[in-house]
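Structural features, examined
Here's the letter readout for the chains.
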Amino acid sequence: MSKIELRGVGKAYGATLALRRGDLSIDAGEVHVLIGSNGSGKSTLCKILAGSVRPDGGEILIDGRPVTIGGPRAARGHGIGIFYQELSLARHRSVAENICLPDLPATRAGFVDRDALEKRAARYIALFAAVAGEDFSAETTVDNLRADQRQLVEIMKALATEAPVLIFDEPTSALDRAQVDRFFEILRGLKAEGRSIIFISHRMDEIFAIGDRVTVIRDGETVGTEKITETNPAAVIRLMVGAQDELAPGHAAPPAAAAADRSPVLSVRALAGKGFANVGFEVARGEILGFGGLHGQGQSSVLRAVFGVNPVGSGEIVLDGKPFAASNPREAIRRGLAYVSGDRGRDGVISGRPILENVTPIHFLRQKLRLARPAALAERVRPALEALHTKFGGLAHPINSLSGGNQQKIVIARWLIDRPDVLLLDDPTKGIDLSAKTDLFTLIRKLAAEGMGIVLYSSEDAELLNNADRILVFNGGQVRRELTGADRTRYNLYQAAYEAA
Amino acid sequence: MATATLSTTRSGGLKRLVERYPFLPALLIALVLLALNGLYQPRSVSFIGITGLVKTYLALMMLAIAQTYVVYAGDIDLSAGAIVSLVNVVIVVLMEKMGGSGFSVVAALGIGLLAGLACGVVNGLVVAALRLQAIVATFATSIFFTGLALYVMPVAGTPAPAAFWRTYGGRFFDIPFVFYAVIILAVVLYVLARTRLSTQLLAVGDDAQAAFQSGLPVTRIRIQGYALCGLFAALAAFCITGDTASGDPLVGGKMTLFSVAAVVLGGSALSGGYGTVVGSIIGALIIGLINSLVFFVGTPSEWQNLVQGLAILVALMAGVLVGRRARA
């Protein structure tokens, strides 16, 4: 009998389906790997099990008995402990306090039992003593720790629950080799004790090093479970890709442009900064260069560094034949760069202001306008908005009255009045509807055809495969592989993204 | 090179010190203000002068402590002053009704504590259980509590019985009562700092979502924070009643934002997760010392508010600068 079984568990946030049908069955004494591409629903599944997300439907059985998990405390009561991908640490509290936080040991009078707390924390800190680093101690506050050390604290916190079922949602993303090896030793020990472990990782070598079985989730649905000994990385990737592979370079894919005969408008050599290193690429006029790979592998960081949002550590950027190093976005805009982010709230819309004001800030900056004459501006704005089929009531309406897709069109339109040379797109279609996406990509391809250089990072693989002339696959802050021509398949994309360095 | 390494190790030590005791910058400012007070009015730093200062500002210290526990969790209580007013009039009216004997005083104080606790729990329920915005919700309850206070005592002026304020202002074994109160307070705070609740409040203030996901009962913890705030607001009311010796349904209103200022002056983060009650006490002292300093340097009365305001701004800036320098 399975230790834990999930049957048809689903969760929707508004119109977004995070998990369609999650099925999972975990035995005692196994390490069960979950794998799936960005946004396929792995984390949602784990959070449902850990009680921090309430499912819309489905059944959860523990030891064969159906249970409802009302919240994180209830989950702990059912013997489930979890490592959260985004960590759940209190950053001003010490390492020891964080490890014991869910269940602070208390004396009979209700005070924190410092001795017991330190003793309990020391037990878990000792597990990683050799690999945690010299400056790691029980008294250090979490915000003085490095990213890998924080991740270790979250691991210790999960271990300290001593739960029979432990969930690890990407616990190794910041760890170095030695730390991962130590962690795996500990996991094997837990397995030998008969505990059940759910393990999520994007590194294929880790999955095959530690897993007993692997379950693949695709588009919010469990598509299959295999024994690790009876499968191989290629087969797992094929399961993740599914039947979609034939569609991949489909109808709309542009011909692989012969970039050689066109002059590069933007070239980047050996660029390094926070979150990426040794990144080099060239974009020609009229070319769409895709950035692919898993979420957060440095794609956004590179784009933001080029645009002058984040500082560049080292490397060289050449724009239109001249060296370029923007220290801020204003400078980048003046030199003819454009940047559109999928995070509209942070980088895009000027909330609460009229549409007209939202379309014109770049125009103002580039033309050094001092006074706003709405009538004259409206003349210049309309063609840009019409090019995108933007639906809006009037230019004086606040931007918040529009849907997400139309807001994003407004944000893009602001770059169309004075044409930039290079357009940097940072996951531009996040959270917008299908028809807006179609309009957007039609425009992007038209802009490319008219000679603009375009860099497109998208977390949706189909968008990349259908639109990019070349795809650079990022992994761990570096470009791992370049896919051109007929190589641009979903299979190759996944393989490069999931294969460890 | 040698000097550079020296300075980094020294600032590293300082950084650790300030991290461990976030109220150090505030303590420094308080000492400077105390010295200035002594410079302009030597008698103000005498035993009697200090006694007077503590007697007058013990209420604000209590209210600053009350506010701290709420701020720990990233919340705020704008009704703290109104709770002071309500408890003030409740205990004065009760003492008067029961005849003003020693027993009646103790009984009235007990009921006062319960009233403060009840107000705190109401705030906690409104903010944490009903999930209303803390600023607006406690602003609303502050009006509500003030309304209750006005119902209990429509006009200020009912005197508190002599047994009560004579004790508060009196001496035992030649030591003023307020110093005993301060010592008891120190013990209570020491004990409270060691409870699970303190750590849990701070953890909630750091990241409520993370605390929830860790399995902490976040709603209950926040309600308990407000309840503690209500209790200390009641204690603040006792102090103010001892100091003014009368009931006034509006006495605490203007103290609310002073208590918030004291918390910030004491080095706590309004966003939660970081701070100390000792800092808030020092913050309240800073405000008291500024007020007396403004008086001692002979500021014309029509300018006193303006100078006080400026001085608090300067103290805030100094605290931020010292703290930043030390932590850099």
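In this report, the structure presented in the accompanying data block is examined. Not measured: the values here are computed from a predicted model.

**Let's talk about the packing of helix α4 (residues 80–97) of chain B against helix α12 (residues 255–265) of chain B**
All names here are of chain B. The N-to-C vectors of α4 and α12 enclose an angle of 130°; their axes lie 6 Å apart at closest approach. Comparing their axes, α12 and α4 come out oblique. Crossing geometry of α4 relative to α12 is assigned as right-handed. On α12, the residues that touch Ala80, Gly81 and Val84 of α4 are Met255, Thr256 and Ser259.

**Some words on the sheet that holds strand β13 (residues 288–293) of chain A**
Residues and elements named next belong to chain A. Taken together, the six strands give an open sheet; going across it, the order is β16-β17-β18-β13-β19-β20, and neighbouring strands pair in mixed fashion. In this open sheet, the two edge strands, each paired with only one partner strand, are β16 (337–341) and β20 (478–484). Averaged over neighbouring strand pairs, the angle between their axes works out to 20° when direction is ignored. For β13 and strand β18 (residues 453–457), the ladder comprises four bridges, and the chain directions are parallel. Across the sheet, Phe291 pairs through a bridge with Tyr457, a residue of β18.

**Quick look at α4 of chain B**
Residue and element names in this part refer to chain B. The end-to-end C-alpha distance of α4 is 26 Å, a good match for the 26 Å that 18 residues give at a rise of 1.5 Å each. Burial analysis of α4 places 14 of its 18 residues in the buried class, the great majority of the element. Positive phi appears at Gly99, one or two residues downstream of α4, with a value of about 100°.

**Some remarks on the nonpolar core**
Residue and element names in this part refer to chain B. By size, the foremost hydrophobic cluster in this structure holds 242 residues, and its most contacted members are Ala233, Ala236 and Ile286. By residue number, the principal contributor to this core is helix α11 (residues 218–244), which donates 17 residues. If we ignore the near neighbours within four places in the chain, the residues touching Ile286 are Ala26, Ile29, Ala30, Leu33, Leu265 and Ala315.

**Observations concerning the environment of Phe364 of chain A**
Of note, Phe364 of chain A is situated in helix α13 (residues 361–367). Through-space distance from the C-alpha of Phe364 of chain A to that of Leu377 of chain A is 9.9 Å; in sequence the pair is 13 residues apart.

**Things to note about unusual backbone geometry**
Residue and element names in this part refer to chain A. Phi is positive for Asp219, which is not a glycine, with a value near 50°. Structurally, Asp219 is set in the loop between β9 (213–218) and β10 (221–227). We note that His389 has phi near 55°; this positive angle belongs to a residue other than glycine. Position of His389 relative to the elements: it lies in the loop between α14 (374–387) and α15 (404–413). The exposure class of His389 is partly exposed, given the 15 C-beta atoms found within 10 Å.

**Here's the deal with the interface of chain B and chain A**
At the interface, 19 residues of chain B touch 20 residues of chain A. Mapped onto the side of chain B that touches chain A, the elements with two or more residues apiece are α9 (196–206) and α10 (208–213) of chain B. In terms of residue count, the dominant contributor to the side of chain B that touches chain A is α9 of chain B (five residues).

Criteria and thresholds
- Residues numbered from 1 in each chain as written.
- Chains lettered and ligands numbered in written order.
- Predicted model: local features only at pLDDT ≥ 70, side-chain atom pairs only at ≥ 80, totals over all residues.
- Axes fitted to C-alpha atoms, helices over the stretch in contact; angles between N-to-C directions.
- Helix = DSSP H or I, 4+ residues; strand = E, 2+ residues; numbered from the N terminus.
- Parallel < 35°, antiparallel > 145°, perpendicular 65-115°, else oblique.
- Left-handed = near helix turned anticlockwise from the far one by under 90°.
- Contact = placed C-beta atoms within 7 Å.
- Pairing = 2+ DSSP bridges.
- Expected span 1.5 Å × (residues − 1).
- Buried ≥ 20, exposed ≤ 12 C-beta atoms within 10 Å, placed from the backbone.
- Core = buried A, V, L, I, M, F, W, Y, C linked by C-beta atoms within 7 Å.

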